[in-house]
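Coordinate analysis (summary)
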Amino acid sequence: MQCITLKKGTECAFMNAKGCTFNGGRCYPVVEQCEGCSRTGTFEEGIFCTVAPNPAQKWNGRPCNFATHVQRAKEAAPAQKLNPLKASKRAAGKK
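**Some points on the pairing of strand β4 (residues 46–49)**
Pairing of strand β3 (residues 40–43) with β4 involves 4 bridges; the strand directions are antiparallel. Within β4, the position partnered with Gly-41 by the bridge is Phe-48. What sits between the antiparallel neighbours β3 and β4 is a turn of 2 residues.

**Some thoughts on helix α2 (residues 84–93)**
With 0 of its 10 residues buried, α2 lies for the most part at the surface. Where α2 starts, the residue carrying a side-chain oxygen 3.1 Å from the main-chain nitrogen of Leu-85 turns out to be Asn-83.

**A short note on the packing of aromatic side chains**
What the rule picks out here adds up to 2 aromatic pairs. With a centroid separation of 6.2 Å and 70° between ring planes, the pair formed by Phe-22 and Tyr-28 is classed as edge-to-face. A relative accessible area of 28% places Tyr-28 in the partly exposed class. Arranged with centres 6.3 Å apart and planes meeting at 50°, the rings of Phe-43 and Phe-48 form a pair that is tilted.

What counts and how
Residues numbered from 1 in each chain as written. Predicted model: local features only at pLDDT ≥ 70, side-chain atom pairs only at ≥ 80, totals over all residues. Heavy atoms only, no water. Pairing = 2+ DSSP bridges. Helix = DSSP H or I, 4+ residues; strand = E, 2+ residues; numbered from the N terminus. Buried < 20%, exposed > 50% of the residue type's maximum accessible area, 1.4 Å probe, protein only. Polar contact = N/O pair within 3.5 Å; in protein donor to acceptor, adjacent residues only side chain to side chain. Phe/Tyr/Trp six-rings, centres within 6.5 Å; stacked < 30°, edge-to-face > 60°.

Written as structure tokens, this is what we have:
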């Protein structure tokens, strides 16, 4: 359904025939950490996240999983342990 409270005309999962069903009956404006994210939108009431109704909660203790401006570091896979006996047998078999 489309929002009729703060983000008029945008699709919202929390809207129903009775209005906004999110906690408090409204979305909350973006927080400082959201600056630079492509998922924010400027509406008549202010700047809001187009994905999360409460951006402060998404940034609580960790980066938001929807943030497009945050580079996530990939964890390096642990190197596999190599059995020296099997490795020497493989090398000897390829001669």
